[in-house]
Amino acid sequence: MSHHGVGHSAPSGARGVIECAAAAAWARPATTAPQPKDGPSRRHQRSALAFLAAGALAIPLLAGCGSDDEGSKPLAGQDIVPVARDAVAEGGTLKMAVDAVPETLNTFQADADAGTTRVAQAVLPSMFTIDATGKPVRNPDYLESAKVIETEPRQVVLYKLNQQAVWSDGREIGAADFAAQWRALSGKDSAYWTARNAGYDRIAQIERGANDLEVRVTFDRPYADWRSLFSPLYPKDVMGTPDTFNDGARRKLTVTAGPFRVDKVDTAKKDVILTRNPRWWGRPAKLDEIDLHAVDRAKRASALAAGTVDVADIDAADADRITIAGREKGTGLPLQGAGKTSAKKLRSWALTLGMDEEKLPKGPKKLRRSIAKWLEQQHELRDFAVRKSLEPAYTQLALNGSEGPLADERVRRAVARALDRQALAKLVLTPLGLPAVPVGSHVALSGQAAYTDGSGAIGGLDTHEAQALLADAGWVAGGPVRNPGKAAGAQDEKKGDKKKDDSEQGDESDGGHDGQYIVGEDDKGTDDKGTDDRDTRDHQKDHAHGAPGAYAPKGTAAPRGAGAPAGPLAKDGKALSLRFVLPSGPGSEALQTVAGQISQMLDRVGISTEIQKVSDDSYFKDHIAAGQYDLALYSWPSSAFPATDARPIYAKPVVAADGSLNVEQNYTRIGTDQVDQLFDQALGTLDEDEADGLLRKADSRIWASAGSLPLYQRPQLVGARKDLVNVGAFGFQTPVYQDMGFLKKGAKVSPSPSKG
């Protein structure tokens, strides 16, 4: 795993990426996701989680099974207001919002988070960073060159270091630091409390080269993703012993080697203070100081308006507030004077302004004060702008294949064929002015070398095919249901108890009781725009290159009346109902909207869904990681190193010696030996084109098994002061902290400098 802008195995739920050891460089983190009891082995765990074998497919080895998208570009460009360094003012303090003060400054520990990542990017060496297309590139501040110089008998990489590169204590960066990090992360010494060691466990030896500026790294097995290593690189002072590794870099980092250094971690004020590194040899930092300040997601707009922070990741509602503030000339609302205004009219004004109805106080006096405060904030928000792009992460529909109806591959494929992924992407991205293109790969995003649309391996929206697959699996309309109160999803006694626990904790939804309601068991219409009931079998023509056998068997008759809503389906006396678990916290509204649309789509082919909203704290730990769900929505970051980083997500679960199931990070519990072999082959070849081809084959098989259905690339919304430059929505790219700053007086920027 890498700490770069992409490449972090952190599933995301309610508000953003459910962070593991590190988040996407500018991605929006959310809750820390705990590790399941039978969780990943250290060898493949790419990030500490702080975010059953399916039958073999009866199809030949899928050779790509997707459109030829190798020349694709990122769907959205950066939005950081880029300017030349001479247009950036000297000095100043940038106040940047983070979710929390990091528990540790060591990115390789289990409780590292997005704040840890940002500190590491600003103060520590990275041999490689990520460019705007999601590709790893040499960092010239630390490396003159790095290349494979031998492949036989073993792979050898020679690093030639920048001769000016020194630690803040004056010592040269060298082989001793590389060797100390390798030993700490190799997995051979359990005294090091490491969260991940992928890649480091393949190293056989590290030694000095021809001089102090050369480092030779010898691998005992070929490793395609060698560029992911030593980013960040910690000093031997931290990595040298278990004690210093475990405890020496949690709240302080004395020795650094970046444009900034850690000045102070102030837990009381919720700040991490970074100041200029006087020993920095590269382009000098424009800012004097960067303050990482912890701000709750629900309070970001207020913090921006109050000047507590200058830049923050925000949600769509806050983005709307900032956009509206920039357009408004005045409200014209008579909030002052002696005249009385009814509470009803004040409430109407508040809703017109976009205030949250659920948070409005009762009574005209309190309403008047709330509206006045809101308008004052809106006035201050005129100084801010929304910078938007797409995160290097995608939201997926996860299908738990360990038990219940979804253990049958035909039912999972029916779910896939019932979804209009294009409509779901539009639902989320079009209102934000972002390109609404469904994600076509599990291993890369558009613009990355390994990307190709492999969704042809499962097929597109086709309700007839979905119903045919369900019929073939034995689910028929009008069948007897022995106990209407029990459905065939993940609803056994154990899960019923879990539901009761959740409801007792106060998780409530807007429909039904105890935080759940059944979609498809009310009589409401489903004529929502973009999700009309239509047969789009012609969609298959767009995927004519798909794999033979990846669709319903030819000759399978569609159920009678397949063009109309299928009605409830049943098998063996049980109704077909799937438990759809969602987070309920602030910022989860978009996921809930998407889930509602998915439920309506599934209802049209006879699959009912029981939506249950649970607390954010419980969502991942007690449901996703524990396998207590049928359907769920969460996200995975994309990676510049998919052979390393994607494998644990799709690895076939294996039974451990104690009888527990080791799922690594494959929370759908669906995997195959073939997918594992393709990832292993990609990881072991040094031919990049061959590796990309193997990854595409693996992706096609993942599509065909229908355990994970990528939907859309996540929006990346950042609120920033209008005079901030070289900062904002970075997309794939690793931020360049030394270039951030405020626009120099009199300097100009182009109207849309970062678009395109």
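The structure reproduced in this document is the subject of the present report. All of these numbers come straight from a predicted model, not from anything done at the bench.

## Points about the pattern of salt bridges
Inference 1: Applying the stated criterion across every chain yields a total of 25 salt bridges.
Inference 2: Taking the shortest distance from any N to any O, the salt bridge between Asp212 and Arg208 comes out at 2.5 Å.
Inference 3: Look at Asp212 and you get partly exposed, because its relative accessible area is 45%.
Inference 4: In this structure, Asp310 and Arg721 form a salt bridge, with 2.9 Å as the shortest nitrogen-oxygen distance. One end of the pair, Asp310, is in the loop between α5 (300-306) and β11 (311-313); the other, Arg721, is in strand β22 (residues 708-721), with 411 residues separating them in the sequence.
Inference 5: Beyond isolated ion pairs, a larger network of salt bridges with shared partners links Glu90, Arg276, Lys286 and Asp288.

## A short note on the side chain of Glu214
Inference 1: Mapped onto the fold, Glu214 is located in strand β7 (residues 214-219).
Inference 2: As a buried residue without a salt bridge, Glu214 has its nearest oppositely charged side chain in Lys160, at a separation of 4.2 Å.
Inference 3: From its side chain, Glu214 meets the backbone nitrogen of Ala210 in a polar contact 3.0 Å long.
Inference 4: Other than its neighbours up to four places away in sequence, Glu214 contacts Leu158, Tyr159, Lys160, Glu207, Arg208 and Gly209.

## A look at the side chain of Ser635
Inference 1: Looking at the element boundaries, Ser635 is found in strand β19 (residues 631-637).
Inference 2: Separated by 3.4 Å, the side chain of Ser635 and the backbone oxygen of Tyr394 make a polar contact.
Inference 3: A distance of 2.7 Å separates the side chain of Ser635 from the side chain of Thr395, its partner in a polar contact.

## What to know about the nonpolar core
Inference 1: One finds Met127, Tyr159 and Phe230 to be the most contacted residues of the largest nonpolar core, which totals 109 residues.
Inference 2: The greatest single-element share of this core, amounting to seven residues, is contributed by helix α2 (residues 175-185).
Inference 3: Non-local contacts of Tyr159, meaning those with residues more than four positions away in its chain, are made with Met127, Leu143, Ser145, Ala146, Phe178, Leu213, Glu214, Val215, Val217, Trp226 and Phe230.
Inference 4: Counting 62 residues, the second-largest nonpolar core is a separate cluster that includes Ala76, Ala312, Ala706 and Leu717.

## Considering the sheet that holds strand β15 (residues 569-571)
Inference 1: Pairing within the open sheet is antiparallel, and its three strands lie in the order β13-β15-β16. Whereas interior strands pair on both sides, the edge strands pair on one side only; in this sheet they are β13 (476-477) and β16 (574-575).
Inference 2: Direction of pairing for β13 relative to β15: antiparallel, over a ladder of two bridges. In the sheet register, Ala477 faces β15, and the bridge partner there is Leu569.

The rules behind the values
Residues numbered from 1 in each chain as written. Predicted model: local features only at pLDDT ≥ 70, side-chain atom pairs only at ≥ 80, totals over all residues. Heavy atoms only, no water. Salt bridge = Lys/Arg side-chain N within 4 Å of Asp/Glu carboxyl O. Buried < 20%, exposed > 50% of the residue type's maximum accessible area, 1.4 Å probe, protein only. Helix = DSSP H or I, 4+ residues; strand = E, 2+ residues; numbered from the N terminus. Lys, Arg positive; Asp, Glu negative; His and termini not counted. Polar contact = N/O pair within 3.5 Å; in protein donor to acceptor, adjacent residues only side chain to side chain. Contact = heavy atoms within 4.5 Å. Core = buried A, V, L, I, M, F, W, Y, C linked by side-chain atoms within 4.5 Å. Pairing = 2+ DSSP bridges.

By themselves, these observations are geometric and do not establish any function.
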